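Chain by chain, the residues:
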Amino acid sequence: MANILILYSTTDGHTLEICQQLRAINEQAQNQVSLVELKEIEKIDPGSFDKIVIGASIRYGKHSPRVIEFIEKNLRILEAKPNAFFSVNVVARKPEKSTPETNPYLKKFLRKIAWHPKNLAVFAGKIDYPSYGFLDRLMIRFIMWMTHGPTHRDAVVDFTDWKKVDDFGRLIVKM
Ligand SMILES: Cc1cc2nc3c(=O)[nH]c(=O)nc-3n(C[C@H](O)[C@H](O)[C@H](O)COP(=O)(O)O)c2cc1C
């Protein structure tokens, strides 16, 4: 049985949903999983886990600065354990931008950090216009219009390939 830490950064909760699915798969495989938001990192000791997984969503082109902060501070701990990183963004809904090798946000992010995650994934996120404030809704609808995505003001679309999430969950079991 492994003791797994899944750390996440989310704004609207979709990355958390992905993490919950990863946790379910790892718990079914008899592992113990702690799901912790990066905001709460000071409450735990990352060094006490057997494996570490980090997941973060993109907002206006960036992952939360907390993600980089954590990685810089805990580089040695991360490198010493089986580890994985995944990014959630809507650009990844396009097949040609849906892998760690082709997703522009993940590629840029990896260039910025000293950590070389041993396992990587990119998941397409969710659009939920009714839940956004006026400006965010306007901006995201505009970006979607530019990139030929859904623009109806009431649109709620989950682009996540949940089978891909399950596969990543099983990879975490094995890593
Ligand atoms: C205000 C806002 C800004 C966003 N900016 C981007 C972006 O720059 N690029 C992108 O691919 N997705 C962008 N997204 C899409 C999010 O990455 C997607 O909705 C994801 O599912 C959010 O995950 P979370 O709920 O865990 O934060 C944005 C979403 C919102 C609401």
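All values reported here derive from a predicted model rather than from experimental measurement.

### Digging into the site of the ligand
Taken together, 21 residues surround the ligand, and among them Thr-10, Thr-11, Thr-15, Ile-58 and Lys-126 come closest. In the model, an oxygen atom of the ligand is placed 2.8 Å from a nitrogen or oxygen of the Thr-11 main chain. Gly-61 places a polar main-chain atom, nitrogen or oxygen, 2.8 Å from an oxygen atom of the ligand. A total of 640 Å² of accessible area belongs to the ligand in isolation, and the protein chains cover 96% of it. Going through the elements one at a time, helix H1 (14-28), strand E4 (83-89) and helix H5 (134-146) are the ones with two or more residues in the shell around the ligand.

### With respect to the nonpolar core
Counting residues in hydrophobic clusters, the biggest one holds 22 residues, and the most contacted among them are Leu-7, Ile-54, Val-67, Ile-71, Phe-85 and Phe-109. Where this core is concerned, the elements lending two or more residues are strand E1 (3-9), strand E3 (51-57), helix H2 (65-73), helix H4 (104-112) and strand E5 (120-124). At 4 residues, H2 tops the list of elements feeding residues into this core. With near-sequence residues (within four places) excluded, Leu-7 lies in contact with Val-36, Leu-38, Ile-41, Val-53, Ile-54, Gly-55 and Phe-70. The next biggest cluster of nonpolar side chains, apart from the first, holds 17 residues, and it includes Ala-2, Ile-6, Ile-18 and Val-33.

### Points about the packing of aromatic side chains
What the rule picks out here adds up to 7 aromatic pairs. Cluster of aromatic residues (ring-pair linked, three or more members): Phe-85, Phe-109 and Trp-115. Above the face of the Phe-159 ring, Arg-93 is positioned so that its terminal group lies 5.7 Å from the ring centre.

### Section: a nonpolar patch on the surface
A grouping of Tyr-60, Met-139, Phe-142, Ile-143, Trp-145 and Met-146 is seen on the molecular surface, where their side chains present a nonpolar patch of about 660 Å² in accessible area. Mapping Phe-142 onto the fold places it in helix H5.

### Description of the pairing of E1
Across the 7 residues of E1, 6 count as buried, placing the element largely inside the fold. Where E1 and strand E2 (residues 32-37) come together, 6 bridges link them in parallel fashion. Residue Tyr-8 lies in a different strand from E2, and its bridge partner there is Glu-37. Once the chain exits E1 it traverses H1 before rejoining the sheet at E2, and the crossover so formed is right-handed. Across 6 bridges, E1 lies against E3 in parallel orientation. Paired with Ile-6 across the two strands is Val-53, which belongs to E3.

### Comments concerning the side chain of Asp-128
Among the secondary structure elements, Asp-128 is positioned in strand E6 (residues 126-128). Within the buried core, Asp-128 has no salt-bridge partner, and the shortest N-O distance to an opposite charge, that of Lys-126, equals 4.5 Å.

### Structural notes on the pattern of salt bridges
For the structure on display, the rule yields 6 salt bridges. A salt bridge links Glu-37 to Lys-39; the nearest nitrogen and oxygen atoms lie 3.8 Å apart. Note on Lys-39: relative accessible area 47%, which makes it partly exposed. Taking the shortest distance from any N to any O, the salt bridge between Arg-170 and Asp-167 comes out at 2.8 Å. Of the two residues, Arg-170 and Asp-167 are both situated in helix H6 (residues 162-174); the distance of 3 residues between them amounts to about one turn of the helix. In this structure Arg-170 comes out as partly exposed when scored by relative accessible area, which is 43%. Salt bridges linked by common partners bring Asp-12, Arg-59 and Asp-136 together as one network.

What counts, and where the lines are drawn
Residues numbered from 1 in each chain as written. Predicted model: local features only at pLDDT ≥ 70, side-chain atom pairs only at ≥ 80, totals over all residues. Heavy atoms only, no water. Near = heavy atom within 4 Å. Polar contact = N/O pair within 3.5 Å; in protein donor to acceptor, adjacent residues only side chain to side chain. Areas by Shrake-Rupley, 256 points an atom, 1.4 Å probe, with all protein chains shown as cover. Helix = DSSP H or I, 4+ residues; strand = E, 2+ residues; numbered from the N terminus. Core = buried A, V, L, I, M, F, W, Y, C linked by side-chain atoms within 4.5 Å. Buried < 20%, exposed > 50% of the residue type's maximum accessible area, 1.4 Å probe, protein only. Contact = heavy atoms within 4.5 Å. Phe/Tyr/Trp six-rings, centres within 6.5 Å; stacked < 30°, edge-to-face > 60°. Lys NZ or Arg CZ within 6 Å of the ring centre and 35° of its normal. Patch = residues over 30% accessible without salt bridge, like charges linked within 9 Å, V, L, I, M, F, W, Y side chains within 5 Å. Salt bridge = Lys/Arg side-chain N within 4 Å of Asp/Glu carboxyl O. Pairing = 2+ DSSP bridges. Right-handed = clockwise from strand over helix to strand, strands pointing away. Lys, Arg positive; Asp, Glu negative; His and termini not counted.

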